[in-house]
Amino acid sequence: IKDSATLTRDVLEQHFSDLKGTLKKLLDERLMSLLQEVDVIEQESIKPLDECQKLIEHGVSTADDLLREGESAVDGDVGQQNEKLSNFTKKALHIQLDSLPEVPSLVDVPCLSAQLDDCLLTILRNQIFRHGTVASHPPVQLEEFVEKPGGILVRWCKVDDDFIPQDYRLQYRKSTASHFEDVYVGSETEFMVLHIDPNVDYQFRVCARGDGRQEWSPWSVPQAGRTTLVPHEWTTGLEGYSLSSRRNIALRNDSQSCGVLYSKAPTYFCGQTLTFRQTVGQPDRRDSLGVCVEQRNDDDSLQRDKAVCISTNGAVFVNGKEMTNQLPAVTSGSTVTFDMEVVQLGPCSNEGGNFKLRVTISSNNREVVFDWVLDQCCGSLYFGCSFSYPGWKVLVF
């Protein structure tokens, strides 16, 4: 309680500090905009008045000079008086002393003022007093972490009966990281988080958005999860396949070379779920997805002994023999899963013995269950795939 209260105080203080800084910046920008508007109106409005004033001042100055010249002509001696009066008369005739520039009427002259509506403060006050809430019980909580090879299956649940969720939002971070990042947004209540380093702690948290709402609920209590299982990887170097950087995705390329692409190591253990998700290409009856006891580089399909597999047309093969039961054909985006549990028939030793695995293969919401009898104990198995034509892409986890 103390840790969450301290964290909540820090979040609130930081949020409102950022909010005050943003509001001050916005108000300063608005003030500068209004002041610039005042400057523009002032300059545009005063320009014709300045020009009018200059014309009037020039006319007054000219009339004043003419007046002094007339006084000088009258006051001069008789010999020069006639000449000065003649010059004065000529100049007076050329100067229009009775004309003035057009002066705008008072109603046409701008008079600036600022209109500041006090209702903004009322609106802001109402919004601010409704901004932010403090919750003591988030409506969703993390429920379970299931270890997967190179990943963690995270499950969560709704704990508030009155809350109607529309979407969930899952975030995670490494224990050494400072910020959470989104890993899933959607309506499901579980998600397989891939690209997880084994034996490293990760923190997870989840929130939800109510039906018809835009804002997210408070975060659940963060919980730590980890996997001890190394990630599944395809083996490198087979000419017909290109791999992703993490080697968990294999793409059948345009090479004419055929063969089975195996896992790098026997990383599939009984009791786990092995999942393939694929993008489809042109199918062929020899295509295969499945598991096997050993790698054999001379095969072009897993439809052989010591292997169980499904063909892209949905046929199921056990030790090279096709079963009567058949699954739907593999489609883009669908998943094929293998689940196995051990049923031992005889003593298991280094010399071998009867060994039975109960296998469940699921595809497109249908499944087949059968027993796979082997002549030796198998603590772990390889997985593999083979495709005759390019365009197939398989993600394994």
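Residues numbered from 1 in each chain as written. Predicted model: local features only at pLDDT ≥ 70, side-chain atom pairs only at ≥ 80, totals over all residues. Heavy atoms only, no water.

1. With respect to the overall build of the chain
In step 1: Looking only at helices and strands, the chain features 3 helices and 20 strands.
In step 2: Its C-alpha radius of gyration of 44 Å places the chain more than 25% over the 21 Å reference for a compact globule of 397 residues.
In step 3: Across its three principal directions, the C-alpha atoms of the chain cover 155 × 60 × 35 Å.
In step 4: Contacts in the chain between residues far apart in sequence, at least 24 positions, make up 60% of those at least 6 positions apart.
In step 5: Counting every atom, the chain has about 24,900 Å² of accessible surface; 52% of that belongs to carbon and sulfur. (Helix = DSSP H or I, 4+ residues; strand = E, 2+ residues; numbered from the N terminus. Rg over C-alpha atoms; globule rule 2.2 N^0.38 Å. Contact = heavy atoms within 4.5 Å. Areas by Shrake-Rupley, 256 points an atom, 1.4 Å probe, with all protein chains shown as cover.)

2. Remarks on the sheet that holds strand β5 (residues 190-193)
In step 1: In spatial order, the strands read β1-β2-β5; together these 3 strands make up an open sheet with antiparallel pairing. Either end of the sheet is taken by a strand with one partner, and the two such strands are β1 (140-148) and β5. Across the sheet, the mean angle separating the axes of adjacent strands is 20 degrees when strand polarity is ignored.
In step 2: Inspection of the sheet shows β1 paired to strand β2 (residues 151-158) by 8 bridges, in the antiparallel sense. Each bridged residue has a counterpart across the sheet, and for E147 the counterpart in β2 is I152. (Pairing = 2+ DSSP bridges. Axes fitted to C-alpha atoms, helices over the stretch in contact; angles between N-to-C directions.)

3. Looking at the nonpolar core
In step 1: Ranked by size, the top nonpolar core spans 35 residues in total, and within it M340 and W372 carry the most contacts.
In step 2: With sequence-adjacent residues up to four places away left out, M340 is seen in contact with Y268, C270, G271, Q272, V291, V308, L357, R358, V359, W372 and L381.
In step 3: With 16 residues, the next largest nonpolar core counts F163, Y168, Y172 and Y184 among its residues. (Core = buried A, V, L, I, M, F, W, Y, C linked by side-chain atoms within 4.5 Å. Buried < 20%, exposed > 50% of the residue type's maximum accessible area, 1.4 Å probe, protein only.)

4. Observations concerning the UniProt feature "domain: Fibronectin type-III" (unreviewed entry) in the chain
In step 1: When the UniProt feature table is mapped onto this chain, "domain: Fibronectin type-III" (unreviewed entry) is found at residues 138-231.
In step 2: Between the end C-alpha atoms of residues 138-231 the distance is 33 Å, and the span holds 0% helix and 52% strand. (UniProt positions renumbered as here; feature names shortened; annotations may be inferred.)

5. Quick word on the packing of aromatic side chains
In step 1: Evaluation of the coordinates by the stated rule reveals 11 aromatic pairs.
In step 2: Arranged with centres 5.0 Å apart and planes meeting at 80 degrees, the rings of W234 and F383 form a pair that is edge-to-face. In this pair, W234 sits in the loop between β7 (223-225) and β8 (241-243) while F383 sits in strand β19 (residues 382-386), placing the two residues 149 residues apart along the sequence. The same class applies to W234 and to F383, which are both buried.
In step 3: Feature note: the residues F145, Y172, Y202 and F204 constitute an aromatic cluster, connected by ring pairs.
In step 4: Here R252 stacks its cationic end above the ring of Y241, 5.5 Å away from the centre of that ring. (Phe/Tyr/Trp six-rings, centres within 6.5 Å; stacked < 30°, edge-to-face > 60°. Lys NZ or Arg CZ within 6 Å of the ring centre and 35° of its normal.)

6. Let's talk about helix α1 (residues 2-75)
In step 1: Over its 74 residues, α1 extends 105 Å from the first C-alpha to the last, a length consistent with the 110 Å expected when each residue adds 1.5 Å.
In step 2: The largest bend in α1 amounts to roughly 30 degrees and is located at I46, with the proline P48 lying one to four residues further along.
In step 3: Within α1, burial applies to S45, C52, L66, G70 and A73. (Expected span 1.5 Å × (residues − 1). Bend = angle between axes of the 7 residues up to and from the residue.)

7. Focus on the domain arrangement of the chain
How big an interface is tends to be stated in terms of the accessible area lost upon association of its parts.
In step 1: On domain assignment, one finds that the chain holds domain 1 (140-227) and domain 2 (241-396).
In step 2: With 4 residues of domain 1 in contact, the opposing surface of domain 2 contributes 5 residues.
In step 3: A combined buried area of about 370 Å² lies between domain 1 and domain 2, and 51% of that area is made up of carbon and sulfur atoms.
In step 4: Between domain 1 and domain 2 we count 0 salt bridges in total.
In step 5: Taken together, the connections running from domain 1 to domain 2 amount to 0 residue pairs in polar contact (both at pLDDT 80 or more).
In step 6: The residue inventory of the side of domain 1 that touches domain 2, partitioned by class, reads 2 nonpolar, 1 polar and 1 charged. (Domains from an automatic or database assignment. Buried area = accessible area lost by both parts, 1.4 Å probe. Salt bridge = Lys/Arg side-chain N within 4 Å of Asp/Glu carboxyl O. Polar contact = N/O pair within 3.5 Å; in protein donor to acceptor, adjacent residues only side chain to side chain. Nonpolar A, V, L, I, M, F, W, Y, C, P; charged D, E, K, R; others polar.)

8. Some remarks on unusual backbone geometry
In step 1: Look at N199: it is not a glycine, yet its phi comes out positive at around 60 degrees.
In step 2: One can find N199 in the loop between β5 and β6 (202-210).
In step 3: N199 gets classed as partly exposed once you look at its relative accessible area, which sits at 47%.
In step 4: A positive phi angle, near 50 degrees, is found at N319, a position not held by glycine.
In step 5: Among the structural elements, N319 can be located in the loop between β14 (315-318) and β15 (321-326).

9. Topic: the sheet that holds β19
In step 1: Reading across the sheet, the 6 strands line up as β10-β19-β12-β13-β14-β15 and stay open at both edges, with antiparallel pairing between neighbours. Pairing within the sheet leaves two strands with one partner each, and these edge strands are β10 (261-262) and β15.
In step 2: Direction of pairing for strand β12 (residues 288-292) relative to β19: antiparallel, over a ladder of 5 bridges. Counterpart to C292 in the pairing with β19 is Y382.

10. Observations concerning the pairing of β15
In step 1: Along β15, only 0 of the 6 residues are buried, which leaves the element largely exposed.
In step 2: The pairing of β14 with β15 spans 3 bridges and is antiparallel. Residue pairing in the sheet places V318 in a bridge with K321 of β15.

11. So, the environment of L251
In step 1: You can see L251 is positioned in strand β9 (residues 249-252).
In step 2: Considering only alpha carbons, one finds L251 and G391, 140 residues apart in sequence, at a separation of 6.9 Å.
In step 3: In contact with L251, other than residues within four places in its own chain, are G240, Y241, S242, G391, W392 and K393.

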